[in-house]
Protein chains: 2
Amino acid sequence: MTLIKEGNVVIDVSDADYGKIFVPSKKMKVFYNPRMKHNRDISVLFYDFWAKAVKKSENLVFFDGMAGSGVKGLRVLAETGIKNVIFNDLNPKSIENIKSNLKINNLPKNIHYNLYNLSFQRLLAEKQADIVDLDPFGTPVLFLDFVLANARKGELISITATDTAVLCGASQQNSQKCERIYFSTPSKNESMKETGLRILLGYIARTAAKYGLFPLFLLSYSKDHYMRAFFSIEKYKQGDLDRKIGHISFCAACNKRKVNFEQCFSYVCECGANLTIAGPLWLGNFIDMGFYKEIDGFVKKQNKKIKFSEKTKNTTLNTQQQLRAVQKFDNLLKFMKPLAAEQNFLPWHYNLHNYPNYAHKKIDQALQEIKGVRSHFDPLAVKTNKTNLFEKS
Amino acid sequence: MTLIKEGNVVIDVSDADYGKIFVPSKKMKVFYNPRMKHNRDISVLFYDFWAKAVKKSENLVFFDGMAGSGVKGLRVLAETGIKNVIFNDLNPKSIENIKSNLKINNLPKNIHYNLYNLSFQRLLAEKQADIVDLDPFGTPVLFLDFVLANARKGELISITATDTAVLCGASQQNSQKCERIYFSTPSKNESMKETGLRILLGYIARTAAKYGLFPLFLLSYSKDHYMRAFFSIEKYKQGDLDRKIGHISFCAACNKRKVNFEQCFSYVCECGANLTIAGPLWLGNFIDMGFYKEIDGFVKKQNKKIKFSEKTKNTTLNTQQQLRAVQKFDNLLKFMKPLAAEQNFLPWHYNLHNYPNYAHKKIDQALQEIKGVRSHFDPLAVKTNKTNLFEKS
């Protein structure tokens, strides 16, 4: 038995070819990807906050429909206020592995779980959950309709997309695939990761709208070789798509860019060159600022309480626990802070490296000059509304 | 018990409010819509030809996933070479009704059937079939992904859409709904039914492409208040979408129309007016001419055989049966003939009633002048490639 520790759980990775030069593949006997640890770290924080502070419920059910080693569901049981997990995987070896992992971990007594060896689609048609995680090998597109056709108002959904080359249109073949599976045209340029995330979010929104629903994107981002989105489900309101979905036009000649909400718009730039059109894609925020402030407020309030009880020397076990909880959510807040700062800018970014005026300046100085902020999509990516500074006249 | 006869079967319609002023609704205890008899007449002919002449198999399985009274599946068992039907309906009353209808009909001895009381989605995730019929109350969009995610090469799928007002963009609200659920903009004008059918077919093709598949539309048409499509499933080939999906632009000022396969195209007409853009939609044929010729060839060959056996006075029971079969398929051929004639024209039609030059002429004379054919979408609809005759200069 080869055990590894992740978060508060241990996982038997004997069947996951762990320790060899690691490229996750469908051929693994049991799927476990150590490179996704950060994704899971953020996820369990997010789910925990959702259960404790948003839903204020101890009765939420978490759906881990492509569970692999079960690591995510196990961490949900071990590290969050969610006590009920549905584990499922089509691979019978996975079910054995999850059973063994459930045994070797000292999980809380008051938890419940169910294990299924069915197709994701089949199980979703039967089981209701409060939080559904879609984290397939490859594109989530092929499973998204099953998730959204069965979703209810107030449900939380999280999605991982690892087909970033497709979403970014990294090659002509990828670009064609993006059009085929996301019904959207990507654009290979310095802003392609942001365009890619917005295509993913746009596709989620368009698919939800089909079923009379609409997403509220609480937290979404691009990292390493994946994109991640957490969203709650709302009822579709007349005009939601018109307000949030559109196209971005890029001019390769003069670098002018434009947001287009209309169905018909010019494909010729003011400079005379033909524009490259990306979309349809999401033009709204990729962090919900109300939700961000909710975490901020929660952390501040708890900190105040703790300071008060420290002052009164009332450091019982309860406040110790509270302290740990606050520290946890403070980590989530820190992760979201730079993302939140990106929300008041146009839906693209510039890479300072590509602009001689800024390439050799310190990034903070450049940011001051352009009245901009860093963008999380790339180390030298910046966002600004002073677009003329980056255009050629 | 109130019985009615349709095709070769009788149906107990006691629970279907039959005989009252008839508006089909979800509130019916058991769903049966007598107005869809013609749809079912054509369907059983089509399925029978598919089994006998195309697949040449007696082992096909037919999936009647929203069976209602079971009338379609019963007729498949009673009138075609298909011996195995999966009946399903979410409504338990339907299951009772189907059971009773199976009893009161004197069905062939060698048939098989299964009855399920599950969701369409759930059952499709489990059961494989050779022919899947999707005939929901309202739009098929909400179920199409379940059908196509589980489809295999060579499978036959038939779909009915009754949301024609949406597909035709009959009102602004319908038009917005079309954009939301079909990801396509309709166009309310004299050609809107054809645009509507092409939006339906385009949506089927785009959804199939997502799953690495592509439809071959064997027969599709608009009739009364529904649209119908029969298609076989092929593997997706690089460029299929580019070759078949695009937009149509209409000029309300000069009546010029244009087919656009490119992503970017002008939204201003040569006459200076703004164009109305419909799509993305299907720009290929809505009848497969190879398939049409196959039916034609089959009927001719069988007729020849029968004439020969009549000449030789060899009129055994077998040739009697053959004769009936040929007459049946001749009816399918007759239904398809005018549709087949429409395939060599531009993807829109004109209504003679709207054009003073032709409104008072006999339709056959008008057709000669414009070198056109009748179009099945409306009684006075015609197709022609001499578009300049219908434009204002």
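Just so we're clear, the structure is a prediction, and the values are computed from it rather than from any experiment. (Residues numbered from 1 in each chain as written. Chains lettered and ligands numbered in written order. Predicted model: local features only at pLDDT ≥ 70, side-chain atom pairs only at ≥ 80, totals over all residues. Heavy atoms only, no water.)

Participant: Residue-level account of the nonpolar core, with values.
Facilitator: Counting residues in each nonpolar core, the largest one holds 231 residues, and the members touching the most others are A:Tyr182, A:Leu219, B:Tyr182 and B:Leu219. If we skip the residues at most four places from it in the chain, A:Leu219 touches A:Ile42, A:Phe46, A:Arg228, A:Ala229, A:Phe230, A:Phe286, A:Ile287, A:Leu332, A:Phe335, A:Met336 and A:Leu339. (Core = buried A, V, L, I, M, F, W, Y, C linked by side-chain atoms within 4.5 Å. Buried < 20%, exposed > 50% of the residue type's maximum accessible area, 1.4 Å probe, protein only. Contact = heavy atoms within 4.5 Å.)

Participant: Can you tell me about the side chain of B:Thr185, naming the residues and giving the values?
Facilitator: Looking at the secondary structure, you find B:Thr185 in the loop between helix H7 (172-182) and helix H8 (192-210). On the accessibility criterion, B:Thr185 (11% relative accessible area) is buried. Here A:Gln263 takes part through its side chain, which lies 3.2 Å from a polar atom of the side chain of B:Thr185. Polar side-chain contacts of B:Thr185 include one of 3.2 Å to the side chain of B:Glu179. When sequence neighbours within four positions are dropped, the list of residues in contact with B:Thr185 reads A:Gln263, B:Glu179, B:Ile199, B:Ile277, B:Ala278 and B:Gly279. (Helix = DSSP H or I, 4+ residues; strand = E, 2+ residues; numbered from the N terminus. Polar contact = N/O pair within 3.5 Å; in protein donor to acceptor, adjacent residues only side chain to side chain.)

Participant: Go over the pairing of strand S3 (residues 61-64) of chain A, please, and point to the residues and values.
Facilitator: What you see with S3(A) is no split at all: A:Val61 and A:Phe63 on one side and A:Phe62 and A:Asp64 on the other are buried throughout. With helix H2 (residues 71-79) of chain A bridging S3(A) and its parallel neighbour strand S4 (residues 84-88) of chain A, the resulting β-α-β unit is right-handed. (Right-handed = clockwise from strand over helix to strand, strands pointing away.)

Participant: Lay out the domain arrangement of chain A with the relevant residues and their values.
Facilitator: All names here are of chain A. For chain A, the assigned domains read domain 1 (3-282), domain 2 (289-342) and domain 3 (349-390). Relative to domain 2, the C-alpha centre of domain 1 lies at a distance of 27 Å. Opposite the 14 residues of domain 1 that make contact, domain 2 presents 11 residues. At the boundary of domain 1 and domain 2, one finds one salt bridge. (Domains from an automatic or database assignment. Salt bridge = Lys/Arg side-chain N within 4 Å of Asp/Glu carboxyl O.)

Participant: Let's hear about the interface of chain B and chain A: which residues, and what values?
Facilitator: In this assembly, 33 residues from chain B lie in contact with 33 residues from chain A. In this assembly, chain B packs against chain A so that about 2,900 Å² is buried in total across both faces, 56% of it on carbon and sulfur atoms. For the chain B face of the interface with chain A, the top three residues by lost area are B:Arg180, B:Phe183 and B:Lys210, together amounting to 23%. Taken together, the links from chain B to chain A amount to four salt bridges. A:Lys210 is the partner of B:Asp145 in a salt bridge, and the nearest nitrogen-oxygen pair spans 3.1 Å. Inspection of the region where chain B meets chain A yields 13 residue pairs in polar contact (both at pLDDT 80 or more). For the side of chain B that touches chain A, the elements supplying multiple residues, two or more each, are helix H4 (120-124), helix H5 (141-149), H7, H8 and helix H9 (240-244) of chain B. Its residues placed into classes, the side of chain B that touches chain A shows 16 nonpolar, 10 polar and seven charged. (Buried area = accessible area lost by both parts, 1.4 Å probe. Nonpolar A, V, L, I, M, F, W, Y, C, P; charged D, E, K, R; others polar.)

Participant: So what's going on with the sheet that holds strand S14 (residues 373-374) of chain B? Residues and values would help.
Facilitator: Residues and elements named next belong to chain B. Pairing is antiparallel in the open sheet, where three strands are placed in the order S13-S15-S14. Whereas interior strands pair on both sides, the edge strands pair on one side only; in this sheet they are strand S13 (350-351) and S14. Examined bridge by bridge, S14 and strand S15 (residues 381-383) share two bridges and lie antiparallel to one another. Along S15, the bridge assignment pairs arginine 374 with valine 382. (Pairing = 2+ DSSP bridges.)

Participant: Would you mind going over the environment of B:Lys383 in detail, with residue names and values included?
Facilitator: Residue and element names in this part refer to chain B. Within the secondary structure layout, lysine 383 lies in strand S15. Sequence spacing of lysine 383 and leucine 346 is 37 residues, and the spatial spacing of their C-alpha atoms is 7.4 Å. When neighbours within four sequence positions are excluded, lysine 383 is seen to be in contact with Glu194, Arg198, Glu342, Phe345, Leu346, Pro347, Trp348, His349, Gly372, Val373 and Ser375. For lysine 383, the side chain forms a polar contact with the side chain of glutamate 194, separated by 2.8 Å. Here the side chain of lysine 383 touches tryptophan 348 through a polar contact of 3.3 Å, landing on its backbone oxygen.

Participant: How would you explain the pattern of salt bridges if you had to name every residue and give the values?
Facilitator: Two side chains bearing opposite charge may form a pair once their charged atoms approach each other closely. Residue and element names in this part refer to chain A. Using the criterion set out here, one finds 50 salt bridges over all chains in the structure. In this structure, the salt-bridge partner of arginine 75 is glutamate 79, at a minimum N-O distance of 2.8 Å. Of this pair, arginine 75 and glutamate 79 both sit in helix H2, four residues apart, roughly one helical turn. What emerges from the salt-bridge pattern is a single network uniting Glu6, Lys37, Arg40, Asp41, Arg75 and Glu79.

Participant: Quick rundown of the environment of B:Gln365? Include the residues and the values.
Facilitator: Residues and elements named next belong to chain B. Inspection of the secondary structure assignment puts glutamine 365 in helix H13 (residues 363-370). Residue classification places glutamine 365 among the partly exposed positions, given a relative accessible area of 40%. Along the chain, glutamine 365 and isoleucine 181 lie 184 residues apart, while their C-alpha atoms are 41 Å from each other.

Participant: Residue-level account of unusual backbone geometry, with values.
Facilitator: All names here are of chain A. With an omega of 5°, the peptide bond between glycine 279 and proline 280 qualifies as cis. Relative to the helices and strands, proline 280 resides in strand S12 (residues 275-282). Even without a glycine there, the phi angle at aspartate 224 is positive, about 45°. With respect to the helices, strands and loops of the structure, aspartate 224 is situated in the loop between strand S8 (213-223) and strand S9 (226-235).

Participant: Describe the sheet that holds strand S6 (residues 131-134) of chain B, listing the residues and the values that go with them.
Facilitator: Residue and element names in this part refer to chain B. If you trace the seven strands from one edge of the open sheet to the other, you get S5-S4-S3-S6-S7-S9-S8, paired in mixed fashion. Of all the strands in the sheet, the pair left with one neighbour each is strand S5 (112-116) and strand S8 (213-223). Direction aside, the axes of adjacent strands within the sheet are offset by 15° on average. Across six bridges, the pairing between strand S7 (residues 156-161) and strand S9 (residues 226-235) is antiparallel. Across the sheet, isoleucine 159 pairs through a bridge with alanine 229, a residue of S9. Running over the sheet, helix H3 (residues 92-104) touches strand S4 (84-88) and S5 and is turned about 160° from S5. Where H8 meets the sheet, its contacts fall on S7, S8 and S9, and the angle it forms with S8 comes to roughly 160°. (Axes fitted to C-alpha atoms, helices over the stretch in contact; angles between N-to-C directions.)

Participant: With reference to specific residues and values, describe the packing of aromatic side chains.
Facilitator: Residue and element names in this part refer to chain B. For the structure on display, the rule yields 50 aromatic pairs over all chains. A centroid spacing of 4.8 Å and a plane angle of 55° characterise the contact between tyrosine 47 and phenylalanine 62, whose relative ring orientation is tilted. One end of the pair, tyrosine 47, is in helix H1 (residues 37-54); the other, phenylalanine 62, is in strand S3 (residues 61-64), with 15 residues separating them in the sequence. Here phenylalanine 62 falls in the buried class, since its relative accessible area comes to 0%. On the numbers, 4.8 Å between centres and 80° between planes, the contact of phenylalanine 217 with tryptophan 282 is edge-to-face. Taken together, the residues span a long stretch of sequence, with phenylalanine 217 in strand S8 and tryptophan 282 in strand S12 (residues 275-282) at a distance of 65 residues. (Phe/Tyr/Trp six-rings, centres within 6.5 Å; stacked < 30°, edge-to-face > 60°.)

Participant: Quick one: what's the story with the relation of the copies chain B and chain A, residue by residue and with numbers?
Facilitator: Note on the identical chains: chain B maps onto chain A by a rotation of 180° and an axial translation of 0.0 Å, with an RMSD of 0.0 Å. On this basis, the relationship between the two copies can be described by a two-fold rotation axis. Proximity to the rotation axis, assessed at the C-alpha, singles out B:Arg122 in chain B; its C-alpha lies 2.6 Å from the axis. Of the residues that chain B buries at the interface, 100% are likewise interface residues in chain A, meaning the two copies contact each other through the same surface. (Least-squares fit on C-alpha atoms with pLDDT ≥ 70 in both.)

Participant: Would you mind going over the packing of H1(B) against helix H10 (residues 289-311) of chain B in detail, with residue names and values included?
Facilitator: All names here are of chain B. At a closest axis distance of 12 Å, the pairing of H1 and H10 adopts a crossing angle of 75°. Of the possible angle classes, the one that applies to H1 and H10 is roughly perpendicular. Two secondary-structure elements touch here, H1 through Phe46, Phe49, Trp50, Ala53 and Val54 and H10 through Phe291, Glu294, Ile295 and Phe298. (Parallel < 35°, antiparallel > 145°, perpendicular 65-115°, else oblique.)

Participant: Outline H7(B), supporting the account with residue identities and numerical values.
Facilitator: For H7(B), the set of buried residues is B:Asn174, B:Ser175, B:Cys178, B:Arg180, B:Ile181 and B:Tyr182. Of the surrounding elements, those touching the buried residues of H7(B) are helix H8 (192-210) and helix H9 (240-244) of chain A together with H5, S7, helix H6 (164-168) and H8 of chain B. Note on H7(B): the residue one or two positions beyond its end, B:Phe183, has a positive phi of about 50°.

Participant: Describe the pairing of S8(A), with residues and values.
Facilitator: Residues and elements named next belong to chain A. The buried fraction of S8 is high, at nine of 11 residues. Sheet topology places S8 next to S9; 10 bridges connect them, and they run antiparallel. Bridge pairing in S9 places phenylalanine 214 opposite glutamate 234. The antiparallel hairpin formed by S8 and S9 contains two residues in its connecting segment, where aspartate 224 sits at a positive phi of about 45°.

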